[in-house]
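Reading the structure
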Amino acid sequence: DLETVFTWVATKDACLRWAGPKVTFPIDLVLIQDEINYSKSNSFVIRIESIVVAFGQLFETEKGRYHMARIIVKPSQQGFGYGSDLCTKLVERARELKGQQVSLKVFKDNHVALGLYKKQGFLVNDDSVGQVIVMTKSLTSQ
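Counting residues in each nonpolar core, the largest one holds 24 residues, and the members touching the most others are Leu 58, Met 68, Val 102, Val 106, Tyr 117, Phe 122 and Met 135. Sorting the residues of this core by element identifies β1 (43-48), β2 (51-62), β3 (65-73), α4 (82-96), β4 (101-107), α5 (111-119) and β6 (132-138) as the ones contributing at least two each. With six residues, α4 is the single largest residue contributor to this core. Excluding residues that lie within four positions of it along the chain, Met 135 makes contacts with Val 102, Ser 103, Leu 104, Val 106, Leu 114, Tyr 117, Lys 118, Phe 122, Leu 123, Val 124 and Asn 125. In terms of nonpolar packing, the next biggest core, distinct from the first, is built from 16 residues, Val 5, Val 23, Ile 32 and Ile 36 among them.

Now the structure itself:
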């Protein structure tokens, strides 16, 4: 699935915004698995029939706290709710794992993603720095 996802990341800037500064561009299938700590247990996809339309990861950062990362939707499939579906799936997985909180990072100018995360109940965190906003969602009160 990673090879498919790479085709959605066409520029160095897009790579930085999707995967962060630790991922080299052009993306290398061997290197990226280590760069993003890829495993089948922390990486999730949404498929429509056999086609991958969304990808994201979920990591435990400390006991009871999870972080959603590298959320991306195939460009031709954006606007159909797959990003929302994937976020819901990641939050549900964090709950299954007895998570108390889930977080994510998003660029300030990514208005579509910001709107999606706010609809999902994420709040802007005081840890936000520069162009990146940190958002969190409590899983204990829901």
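In total, this model carries four salt bridges according to the counting rule given. Close ionic contact of Asp 1 with Arg 47 constitutes a salt bridge, the shortest N to O distance being 2.9 Å. Of this pair, Asp 1 sits in the segment before α1 (2-6) while Arg 47 sits in strand β1, and the two are 46 residues apart along the sequence. Between Arg 65 and Glu 62 there is a salt bridge whose closest N-O contact spans 3.5 Å.

What counts as what
- Residues numbered from 1 in each chain as written.
- Predicted model: local features only at pLDDT ≥ 70, side-chain atom pairs only at ≥ 80, totals over all residues.
- Heavy atoms only, no water.
- Core = buried A, V, L, I, M, F, W, Y, C linked by side-chain atoms within 4.5 Å.
- Buried < 20%, exposed > 50% of the residue type's maximum accessible area, 1.4 Å probe, protein only.
- Helix = DSSP H or I, 4+ residues; strand = E, 2+ residues; numbered from the N terminus.
- Contact = heavy atoms within 4.5 Å.
- Salt bridge = Lys/Arg side-chain N within 4 Å of Asp/Glu carboxyl O.

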